[in-house]
Amino acid sequence: MRNPLSAARFTLACIPILLTACGGGGGGGSNWPMLFPTPTPTQTPPAPAPVASAQEKCNVFAGASLAGATLKEATLVPAATGSAEYCKVTGSLHGTLNFEVHLPTVWNNKLLYAGGGGWDGSISITPLSPSGSTAGYVLVASDGGRQGDGLDASVFLNNPTAQADFGYLSIHSVNEVTKEIVRKRYGSDAEFSYFEGCSNGGREALIQATRFPNDFDGIVVRAPAYSFTELFQAFVANGKALAAPGGQLNDAKVSLIGKSVTAQCDALDGVADGMVSNQEACTFNPAVLRCTAGDADTCLTDPQIATANTIYSELKRKDGTTVYPGWGPGGEDQGWPLWVTGSAIGGTGLQFMFGSGLVKYWVTGDPAFNVLGFDPELYAPGLRLAATTLDATPDLRSFFGQGGKMILAHGTNDWAISYKGSIKYFNDVATTVGGASTRDASMEFFLQPGVQHCAGGVGPDTVDLVDAVAKWREGGTKPSTQNIVATKMDLTTKAPVLTRPLCKYPSFPKYKGSGDVNSADSYTCQNS
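Thresholds, definitions, all that
Residues numbered from 1 in each chain as written. Predicted model: local features only at pLDDT ≥ 70, side-chain atom pairs only at ≥ 80, totals over all residues. Heavy atoms only, no water. Pairing = 2+ DSSP bridges. Helix = DSSP H or I, 4+ residues; strand = E, 2+ residues; numbered from the N terminus. Contact = heavy atoms within 4.5 Å. Axes fitted to C-alpha atoms, helices over the stretch in contact; angles between N-to-C directions. Buried < 20%, exposed > 50% of the residue type's maximum accessible area, 1.4 Å probe, protein only. 1 Å grid on protein atoms, 1.4 Å probe; cavity = no way out; pocket = protein on both sides within 12 Å on 5 of 7 lines; lining within 4 Å. Points joined across faces, edges and corners; volume = space filled by probe spheres on them. Nonpolar A, V, L, I, M, F, W, Y, C, P; charged D, E, K, R; others polar.

Colleague: Explain the sheet that holds strand β4 (residues 97-104) here, please?
Modeller: Two pairing modes exist for strands in a sheet, parallel and antiparallel, and in both the strands are linked by backbone hydrogen bonds. Taken together, 10 strands build an open sheet; the order of strands is β1-β2-β3-β4-β6-β5-β7-β8-β11-β12 and the sheet is mixed. Two strands in the sheet have a free side with no partner beyond their single neighbour: β1 (65-66) and β12 (443-448). Strand direction decides the pairing type here: strand β11 (residues 405-411) and β12, joined by 6 bridges, are parallel. Within the sheet, the bridge partner assigned to Met406 lies in β12 and is Met443. Across the sheet, helix α5 (residues 160-186) touches β1, β2 (69-77), β3 (86-93), β4, β5 (110-114), β6 (138-142) and β7 (192-199), and the angle it forms with β4 is around 35 degrees. The sheet strands contacting helix α6 (residues 200-211) are β7, β8 (218-224) and β11, and the helix crosses β7 at an angle near 140 degrees.

In structure tokens, the structure reads:
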């Protein structure tokens, strides 16, 4: 008789064999879990990596080296009225090119580079367009590769590094570093990159578009000093006229000229509102103010008329070709004391100061040179050489070809840089890129009536062109179809004082004949 225990063992041994097709497996022991499963030990999932705080993400930049740059300060700046929280990073390249980057905690995936002014020398990161400060952009600015007074050009004397940085290289170099900073902070590149600059910053904008056309998707160019060498020759010519015997103009005579221009041309836009808007129709001849009974503050002598005519007229070479188009009338009483006569700053206008800097430290290489005796014809080779570093060309074909969009804007009362220069540039772009239709597909130009240099004056000087160029580049809507309104703000209360439609050149805001003269709704954009 079989032992019952043996039978039980046999039965148990056969069960796993049957379950595995009668022996299709290795050792029987491996089949036991199929019949008598044992609980799997509970595994605790790994804890998620801690999310770094905004402060920690900011701290990683302090003292770091990145893309050839030395990063210095990294400070988390708390949110305040009108600005969100951001990380302020400062750094330098090759010891002399300083920059600043603001990394918002809440980012809009875009970058905005703010251009400089004068001979640079400091960092000004606040954009001219309001949305630049409030829309969540990574903000960038640099000092042009030098530190000091924006009127002082002495650093450029026999200094090719400073010349190259200021002339064309600093923005591109800092932009390359900023790309690495953005990647490290956010883990991705900016989806769109923009640039906005006025004056020398406008020149920098055009340098970027022509020399480094892939750096920015959209560019706002305000009152550009795009041809430093030609503009500064005009500065010197104006200074010579003022220094000629009897050529000086006191504040009373400057005010007389400004008021006379307004009286003659103000109503050409359909309403006398203290602002000349139909600039093309304003043809002022200072000879109408000629003294008839001796010199007085109520008239101009012949030498003073000659000074005014020098400023308004084209500057020409001896062969008759044009160097600079001259300035249009309007806003003399506000602009000349600073830029032309210098009465507001001690007697030498900013025009002559800037012109002297170019002549002494860049063209002649002689800090003691008598600028009143400067003859551009004798120094033509030096001027041409300086132009290869400083001046922007109108060749925007590559920028347009990669989809770039550009807005050019200029105040008509600008006594630093003539709006006529921007008209010339706009026309030269058409010639260079193959016609006006090709240009207009990627570039639009707006005059700003009554606006002085970059801002100020009697006209509406606040207008968000960064928002306009972003809508164009990202959405395809041209600025001239966006119904953009320019605003004049009260300097104390910051409340709007007047508004005007921003009109595409060559149109201007014409009064409809009724309605509030201070409201944009009462105007329509029309050609002369």
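There is more to say, and it comes next.
Colleague: Looking at this structure, how should I read unusual backbone geometry?
Modeller: Most peptide bonds adopt trans geometry, and most residues besides glycine take a negative phi value. Residue Pro506 follows Tyr505 across a cis peptide bond; omega there is 10 degrees. One can find Pro506 in the loop between β14 (496-501) and β15 (508-511). One non-glycine residue with positive phi stands out, namely Asp120, at about 60 degrees. Inspection of the secondary structure puts Asp120 in the loop between β5 and α4 (131-134). When its relative accessible area of 4% is taken as the criterion, Asp120 is described as buried. A positive phi is found at Asn483, a non-glycine position, where the angle reads about 55 degrees. Among the secondary structure elements, Asn483 is positioned in the loop between α16 (465-475) and β13 (485-489). Take Asn483: its relative accessible area is 68%, and that puts it in the exposed class.

Colleague: Just to check I follow, could you spell out the layout of surface pockets for this structure?
Modeller: Unfilled space is identified by rolling a water-sized probe across the atoms. Quantified by volume, the largest pocket comes out at close to 510 Å³. Lining the largest pocket are 33 residues; nearest its centre among them are Gly116, Gly117, Gly118, Cys198 and Ser199. Of all elements in the fold, only β7 and α7 (228-243) reach the threshold of two or more residues within the lining of the largest pocket. Looking at side-chain class alone, the lining of the largest pocket contains 17 nonpolar, 14 polar and 2 charged residues. For the second largest pocket, the calculated volume is near 400 Å³. As for the second largest pocket, its lining consists of 20 residues, and the residues nearest its centre are Gln233, Arg317, Val323, Pro376 and Leu383. Listed by contribution, the elements that provide at least two residues to the lining of the second largest pocket are α7, β9 (315-316) and α12 (380-390).

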